[in-house]
Amino acid sequence: MTVTEAATEPLIRIGEVARGAGVSVRAVRYYEQQGLLTAERSRSGQRLYQQDTVAKVRFFQQMYAAGLTSRNIAELLPCIASGHTDADQRAMLRAERDRIQAKVDDLQAALDRLDEVIEVTNTHP
């Protein structure tokens, strides 16, 4: 796809996306290879992205950190855009949420235990 003169919103280069999202250029290319992003091309062939791409990449990073796969994320994108899901998508979302909540609960238990240790050690010089 080539950028037209009538573009209403200025497009940004891959480096700007990477800097804005705090990821490498390589990561942005990976997201494109996985079908999570689409880029337009300048006349000279440079990748150009919509302004909201930075927010999308941050979302991808959050979902990867939570343990979702590229496939899961790709399944979520149309749901986010349309606001609609089917039964299978809702089941996947609920299962992922339950898995993440279990991780949060485990981390909270570890944090509580560390707080106990800190409290005990604070009473001893």
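Summarised in this report is the structure supplied together with it. Note that the structure is predicted; figures quoted are calculated from it, not measured.

Calculation criteria
- Residues numbered from 1 in each chain as written.
- Predicted model: local features only at pLDDT ≥ 70, side-chain atom pairs only at ≥ 80, totals over all residues.
- Heavy atoms only, no water.
- Helix = DSSP H or I, 4+ residues; strand = E, 2+ residues; numbered from the N terminus.
- Expected span 1.5 Å × (residues − 1).
- Buried < 20%, exposed > 50% of the residue type's maximum accessible area, 1.4 Å probe, protein only.
- Core = buried A, V, L, I, M, F, W, Y, C linked by side-chain atoms within 4.5 Å.
- Contact = heavy atoms within 4.5 Å.
- Salt bridge = Lys/Arg side-chain N within 4 Å of Asp/Glu carboxyl O.

Concerning helix H4 (residues 70–82)
Part 1 of the argument: The terminal C-alpha atoms of H4 lie 19 Å apart, and with 13 residues this matches the ideal 18 Å at 1.5 Å per residue to within 8%.
Part 2 of the argument: Among the residues of H4, Ser70, Asn72, Ile73, Leu76 and Cys79 are the ones counted as buried.
Part 3 of the argument: Phi for Gly83, located one or two positions after H4, is positive at around 80°.

Comments concerning the nonpolar core
Part 1 of the argument: Core analysis: the biggest nonpolar cluster contains 22 residues, and Val23, Val28, Tyr31, Leu37, Tyr49, Val57 and Phe60 have the highest contact counts within it.
Part 2 of the argument: Among the elements of the structure, helix H1 (14–21), helix H2 (25–33), helix H3 (53–65) and H4 are those that each provide at least two residues to this core.
Part 3 of the argument: What Tyr49 contacts, discounting residues up to four positions off in sequence, is Leu11, Ile12, Arg13, Ile14, Val17, Val28, Glu32, Leu37, Thr38 and Ala39.

Here we look at the pattern of salt bridges
Part 1 of the argument: Evaluation of the coordinates by the stated rule reveals five salt bridges.
Part 2 of the argument: Where Arg71 meets Glu75, a salt bridge forms, and the shortest distance between an N and an O atom there is 3.7 Å. You can see Arg71 and its partner Glu75 sitting in helix H4, four residues apart, about one turn around the helix.
Part 3 of the argument: According to the relative accessible area criterion, Arg71 is exposed, its value standing at 65%.
Part 4 of the argument: The exposure class assigned to Glu75 is partly exposed, which follows from its relative accessible area of 27%.
Part 5 of the argument: Linking Glu96 and Arg99 is a salt bridge whose minimum nitrogen-to-oxygen distance equals 2.6 Å. Here the residue Glu96 and the residue Arg99 both occupy positions in helix H5 (residues 87–122), the gap between them amounting to three residues, near one helical turn.

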